[in-house]
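Each chain, written out:
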Amino acid sequence: MTIRNVRDHGQRFRPRMACLKKVESVMLEMQDPKTGVKSQPQRLVITTIPHAITGEDIVAWLTNCYSIEAEEAWALGTMLVAFGYIYPLQDHKRLVIKPDASLYRFQTPYFWPAQQWPVEDTDYAIYLAKRNIRKKGILALYEQVQYNSLHKWMNYKWDFIVMQAKEQYRAGKERKKPDRVVFDCQERAYWVVHRPPPGTVSAMDYGLERMVDPNTEEKQTSDFFRRIMIFTQQSIMRPRVKSSVSIGALVKYSVTYNKHDPFLAPCLPSNPWVTDDVTYWFLNMANVGIPTKMRVERWTFSFGELLSDPRGRDDFRLFLKKEFSGENLAFWEACEDLKWGTAATMNDKAQQVYKTFLTRGAPRWINIDGKTMEVTVKGLKHPHRYVLDAAQTHIFMLMKKDSFGRYLKSPVFKDTQKRAICPDQHMFSVPQLEANARKRRPSISPIIVRQLEQEERARMATSGPVDITQYSPALCQNVLPPPGQAAAFSLSTWSSPAKPRPGALPIFSRSRWTSLQSVVSTPVDSEDEVERRRH
Amino acid sequence: MGGTDECKTMLDALNKVTACYRHLVIALGSTSDSQNLREELKKTRKKAQELAVANRNKLTELLKDKTTSKDDRAEYERLWVLFTSSMELLEVDMKRSLEIGQEFPLKVPTRHLIQTGMTGSTTTVAARAMSVQNMKYDADSNIDTADLKELQAEIAQVGQMMEEMEMKVQVAPWAVEAKQEAGAELKSTLSVGNSSVGVISICEEEPKDEIDEGGDNNGMITCIAGFIFVAIVVIAGILGYFVIGG
């Protein structure tokens, strides 16, 4: 028994399937004896079954009826077959229309893919049981797998399924021979569409289910008009951009990213979704040593692209290390960590960031202007996820305007660019493609990926990037800590809330906090200092 | 155990009617649609509802009894799950028949029924559902529109019944264990009832798959008998020719 608490009222609607209603009217037009598709009888060994139509007839009819090109008619015909309104009589597993003499037949309205009738697993189980009876126990491999899994999780209904399968089988036998053949073909075609065997492309993928039917006409109540009024009022108030500007931006984006879009240009070596060959993903992993040329080209498009690609970020970090300005990137990464991290660690992280980057005399002090610093420090009194947003944006713009340009001209980048590889395109023959499909394996579990990432981060923390106070004493205004102790405050202090080493504490004598407990009071203290300076 | 046996027979009947109803609804809107089909649907539906009500009463009576043993209770719950699953199928089929019936009215001048290739009648299926030898047709000519209103009312009724059942009877369907194991349908599939002319036909639609055997055991035997008969006639003819010729 399915759970009926959700009052269904036929409200499972699939918005991307709004075309189904339109296809139904096409189907009805095709039935017209005068202007519809011409049908012919199909001759089997003993029986003759009427109402078979050829692929070329369908395509020709569509071309005439809608005054479209033959290619478009062919695509439309394939859509009709893929949705299950017409099914092929030969080669039933390939849901395409062949514009030659191959035969098709119309599907009965019960088996049409209607928007609000979801395909039930109970029905599929009954169908498989019936097929089991007919084939005397020999099912296709994928059917066997499905049968076993359904038997496992629908076990409580299994008696019903067996009973119903037997009854439906017997009821089916009551009809005459040709009708029985047709019925079997219909049912099989229905399930090829909705439970596609391996190797069949399914057209039934759709998005989330909605509670409202997008095809119904909405009743014009006062609520409806109120919503329209609110919508138009808000549209008037919205700030507008000149269309030349926005279209120009779109055009620029399209031109820039044209060759990088796998839908528009072939991705090298080959698109894994098409050829089942995963070389592309291996070449573009996050920690790969030598990136591909396309990837490196994308880094030059904008600074955001560079930072969002982990390999690009590594490269940039290396460059900054050579330039001894790694603290900007480290701060930016710390802010990202705060934004995306768990709520439990947020407080600690915020304080670590403050200690490491923002306070005066911090080991990795970043250069942000006074106003932003004030705002940030004030926000840190009650830290939340986005408390460092202003500072992060400032640092981002700083890096973008300054370091990014220099990075693109630097030897680090030029070296990476030179070493970047450009793989050749794969040319797979059909048997090779089938072999690829058979060799498909699941990729590394995300748990393992996360573990590797954490190990990587820990390793980076222990190796530790350079602390500015060690190398550029002039940058550190107030305190000149001895080099050995400064090195203790490396990345590890913000990446993991570790205990500070006892020897390192005296550095912060100036900041007036002697232990972690007084960390909370520091923002207040610096505010007092600011105030004192004003008087 | 008179209660369970009675229940089982009633459930079997309901199951049979549900299966036949589904076959009839599948034929709706296609070229085997007709006045008769609509009437068959109506009759089958009414029978199904009667059976459903009878089943429900019997099962609720059995389940409400608190003095049943654990095994009995488990058995009654299993029967309850059978009943509710049947009712769900029936409800969905009724709703779909309403939708398709509305889309394909019979009495319009330009009638476009889908040419599915099915041209035979569904009389035998309906006869099986109603457990009669021959179906009698006595409905008015506007059954396709008049019936739809009744159908809507009946759907509402069935929906209400199922909601009531869910509220009143406390049965955990997932706790029921099925008695049949996987592949149980392969046992005892000797068909009863009239199969069609028992000729083995090779379905051309499955060129790579196994040959589609349309007939069952009865058909096999009839075919062999036919061949033997033909062979005997041929031999007799040859002998006769020799006798006359010689």
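Note that the structure is a prediction, hence the values are computed from the model and not measured. (Residues numbered from 1 in each chain as written. Chains lettered and ligands numbered in written order. Predicted model: local features only at pLDDT ≥ 70, side-chain atom pairs only at ≥ 80, totals over all residues. Heavy atoms only, no water.)

1. Focus: the overall build of chain B
Note the following rule: A run of DSSP states H or I qualifies as a helix once it reaches four residues; a run of E qualifies as a strand once it reaches two. Both are numbered from the N-terminal end. The rule is simple: take the accessible area with a 1.4 Å probe, protein chains only, and divide by the maximum for that residue type; under 20% is buried, over 50% is exposed, in between is partly exposed. Note on areas: these come from Shrake-Rupley sampling with a 1.4 Å probe, and a residue is covered only by the protein chains present in the view.
Scanning chain B from terminus to terminus reveals 6 helices and 0 strands. Of the regular secondary structure in chain B, the N- to C-terminal order runs α-α-α-α-α-α. Counting every position in chain B, which comprises 246 residues, the buried fraction comes to 46%. Total accessible area on chain B is roughly 12800 Å²; 60% of this is exposed by carbon and sulfur atoms.

2. Side note on helix 5 (residues 141-153) of chain A
Test applied: A helix's residues, less one, multiplied by 1.5 Å, set its expected span. For this analysis, residues touch if any pair of their heavy atoms sits within 4.5 Å.
With 13 residues, helix 5 of chain A ought to run about 18 Å at 1.5 Å a step, and its terminal C-alpha atoms sit 19 Å apart, in line with that. The secondary structure elements touched by the buried residues of helix 5 of chain A are helix 4 (121-134) and helix 6 (158-172) of chain A.

3. What about the nonpolar core?
Worth spelling out the cut-off: Working definition of a nonpolar core: buried Ala, Val, Leu, Ile, Met, Phe, Trp, Tyr and Cys residues. They are joined through side-chain atoms within 4.5 Å.
Met30, Ile58 and Ile86 of chain A together with Phe83 and Met87 of chain B are the most contacted members of the largest nonpolar core, which totals 111 residues. Setting aside anything within four residues of it in sequence, one finds methionine 87 of chain B in contact with Leu14, Ala52, Val158, Met161 and Met162 of chain B.

4. Digging into the sheet that holds strand 2 (residues 48-54) of chain A
Residue and element names in this part refer to chain A. Note the cut-off: Here, any two strands with at least 2 DSSP bridges between them count as paired. Note on geometry: axes are C-alpha line fits, over the in-contact stretch for helices, and angles between N-to-C directions span 0 to 180 degrees.
The antiparallel open sheet is built from 4 strands, whose spatial order is 1-2-4-3. Strand pairing shows two members of the sheet lacking a second neighbour, strand 1 (40-43) and strand 3 (86-88), which therefore form its edges. Sheet twist, expressed as the average angle between the axes of neighbouring strands with direction ignored, equals 55°. As judged from the 3 bridges shared by strand 3 and strand 4 (residues 103-106), these two strands associate in the antiparallel manner. Bridge assignment links isoleucine 86 to a residue of strand 4, and that residue is phenylalanine 106. The sheet strands contacting helix 7 (residues 177-194) are strand 2, strand 3 and strand 4, and the helix crosses strand 3 at an angle near 100°.

5. Here we look at the interface of chain A and chain B
Size of an interface, as often reported, equals the accessible area lost when the parts are brought together. Condition: Between Lys or Arg on one side and Asp or Glu on the other, a salt bridge is scored when a side-chain nitrogen of the former is within 4 Å of a carboxyl oxygen of the latter. Whenever two N or O atoms come within 3.5 Å, that pair is a polar contact, provided that in protein one can donate a hydrogen and the other can accept it, and provided that, for residues adjacent in sequence, both atoms are side-chain atoms.
Facing 72 residues of chain A, the contacting portion of chain B comprises 85 residues. There are 5 salt bridges connecting chain A and chain B. Of the charged contacts in the structure, one is a salt bridge between glutamate 88 of chain B and lysine 157 of chain A, with a shortest N-O distance of 3.8 Å. For the interface between chain A and chain B, the tally reads 19 residue pairs in polar contact (both at pLDDT 80 or more). Of all the secondary-structure elements, those providing two or more residues to the side of chain A that touches chain B are helix 1 (19-30), strand 1, strand 2, strand 4, helix 4, helix 5, helix 6 and helix 7 of chain A. Among the elements that take part in the side of chain A that touches chain B, helix 6 of chain A stands out by supplying 12 residues, more than any other.

6. Focus: the packing of aromatic side chains
The test is simple: To pair, rings of Phe, Tyr and Trp, with the six-membered ring standing in for Trp, must have centres within 6.5 Å; the planes then decide the type, stacked if under 30 degrees apart, edge-to-face if over 60, and tilted in the middle. Whether a charge sits over a ring depends on NZ of Lys or CZ of Arg being within 6 Å of the ring centre and within 35 degrees of the ring normal.
Enumeration over the complete set of coordinates arrives at 25 aromatic pairs over all chains. Measuring from centroid to centroid gives 5.7 Å for tryptophan 80 of chain B and phenylalanine 83 of chain B, while their planes differ by 55°, and the two rings are tilted. Here the residue tryptophan 80 of chain B and the residue phenylalanine 83 of chain B both occupy positions in helix 3 (residues 70-103), the gap between them amounting to 3 residues, near one helical turn. Exposure remark for phenylalanine 83 of chain B: the relative accessible area of 0% places this residue in the buried category. By the ring-pair criterion, three or more aromatic residues cluster together here, those being Phe303, Phe316, Phe319, Trp332, Phe396, Phe404, Tyr407 and Phe413 of chain A. Sitting over the ring of tyrosine 124 of chain A, arginine 195 of chain A keeps its end group 5.3 Å from the ring centre. A cation over a ring is seen here: arginine 96 of chain B above tyrosine 110 of chain A, with NZ or CZ 4.5 Å from the ring centre.

7. Comments concerning the pairing of strand 1 of chain A
Across 3 bridges, the pairing between strand 1 of chain A and strand 2 of chain A is antiparallel. Residue pairing for strand 2 of chain A: glutamine 40 of chain A is matched across the bridge by alanine 52 of chain A.

8. Here we look at the pairing of strand 2 of chain A
Residues and elements named next belong to chain A. In terms of burial, strand 2 is largely enclosed, as 5 of its 7 residues are buried. As paired strands, strand 2 and strand 4 are joined by 2 bridges and run antiparallel to one another. Paired with threonine 54 across the two strands is leucine 103, which belongs to strand 4.

9. Considerations on the confidence of the model for chain A
Low-pLDDT portions of the prediction should not be read for the details of their coordinates. Residues and elements named next belong to chain A. Basically, it comes down to this: pLDDT: the predictor's confidence for each residue, scored from 0 to 100.
With 82% of its residues at a pLDDT of 70 or more, chain A has an overall mean of 82. No element of chain A has a lower mean pLDDT than helix 24 (residues 492-495), which averages 40, and none a higher one than helix 9 (residues 243-257), which averages 95. Counting contacts from residues 466-535, a segment whose pLDDT is below 50, to residues more than four positions away or on other chains yields 85 contacts.

10. Here we look at helix 15 (residues 326-340) of chain A
What sets the pattern is the α-helix's 3.6 residues per turn: residues three or four places apart point alike. Across its 15 residues, helix 15 of chain A extends 21 Å between first and last C-alpha, which sits within 8% of the 21 Å expected from 1.5 Å per residue. Listed in full, the buried residues belonging to helix 15 of chain A are Glu327, Asn328, Leu329, Ala330, Phe331, Trp332, Glu333, Ala334, Cys335, Glu336 and Leu338 of chain A.

11. Section: the pattern of salt bridges
Enumeration according to the criterion identifies 40 salt bridges over all chains in this entry. Here aspartate 91 of chain A ties to lysine 98 of chain A by a salt bridge, and the two come within 3.4 Å at their closest N and O atoms. Assessed through its relative accessible area of 26%, aspartate 91 of chain A is described here as partly exposed. Given the relative accessible area of 27%, lysine 98 of chain A is considered partly exposed. Among the ionic pairs, arginine 175 of chain A bridges to aspartate 179 of chain A, the shortest N-O distance being 3.3 Å. Each of the two residues, arginine 175 of chain A as well as aspartate 179 of chain A, counts as buried. Each of Lys42, Arg45, Lys46, Asp147, Glu150 and Glu154 of chain B takes part in one network of salt bridges that share partners.

12. Regarding a nonpolar patch on the surface
The following threshold applies: The patch calculation keeps residues exceeding 30% relative accessible area without a salt bridge and links them within 9 Å when they carry like charges or within 5 Å when they are nonpolar (Val, Leu, Ile, Met, Phe, Trp, Tyr).
On the surface, a nonpolar cluster with roughly 750 Å² of combined accessible area is contributed by Phe229, Val230, Val233, Val234, Ile238, Tyr241 and Phe242 of chain B. Along the chain, isoleucine 238 of chain B turns up in helix 6 (residues 217-245).

13. Here's the deal with the packing of helix 2 (residues 35-64) of chain B against helix 3 of chain B
Pairs of packed helices are described in terms of their axes, by the angle between the two and the distance that separates them. Residue and element names in this part refer to chain B. To keep things clear, this is the line we draw: By definition in this entry, angles of less than 35 degrees are roughly parallel, angles greater than 145 are roughly antiparallel, angles of 65 to 115 are roughly perpendicular, and the rest are oblique. It is the rotation of the near helix from the far one that decides the hand of a crossing: anticlockwise by less than a right angle makes it left-handed, clockwise makes it right-handed. Put simply, Ala, Val, Leu, Ile, Met, Phe, Trp, Tyr, Cys and Pro go in the nonpolar bin, Asp, Glu, Lys and Arg in the charged bin, and everything else, Gly too, in the polar bin.
Taken N-terminus to C-terminus, the directions of helix 2 and helix 3 make an angle of 155°; their axes are 10 Å apart at the nearest point. What the angle tells us is that helix 2 and helix 3 run roughly antiparallel. In the packing of helix 2 onto helix 3, the handedness of the crossing is left-handed. Contact with helix 2, carried on its side by Arg38, Arg45, Ala48, Ala52, Asn55, Arg56, Leu59, Thr60, Leu62 and Leu63, involves Arg73, Tyr76, Glu77, Leu79, Trp80, Phe83, Met87, Leu90, Met94 and Gly101 of helix 3 and no other residues of that element. Its residues assigned to classes, the contact of helix 2 with helix 3 shows 12 nonpolar, 3 polar and 5 charged.

14. Brief notes about the environment of methionine 397 of chain A
Residues and elements named next belong to chain A. Checked against the element boundaries, methionine 397 lands in helix 18 (residues 389-409). Residue methionine 397 is classed as partly exposed on the basis of its relative accessible area of 31%. Separated by 94 residues in the primary sequence, methionine 397 and phenylalanine 303 place their C-alpha atoms 9.3 Å from one another.

15. What about the confidence of the model for chain B?
Here chain B shows a mean pLDDT of 78. Residues at 70 or above account for 84%. Throughout residues 190-217 of chain B the model reports pLDDT below 50, and contacts reaching past four residues in sequence, or to other chains, amount to 51 contacts.

16. Here's the deal with unusual backbone geometry
All names here are of chain A. Note the cis peptide between leucine 268 and proline 269, where omega equals -5°. Tracing the backbone shows proline 269 in the loop between helix 9 and helix 10 (272-275). Notably, histidine 51 is not glycine yet its phi reads approximately 65°, a positive angle. Despite not being glycine, phenylalanine 324 has its phi angle at roughly 60°, a positive value. As for its placement among the helices and strands, phenylalanine 324 is situated in the loop between helix 14 (310-323) and helix 15.

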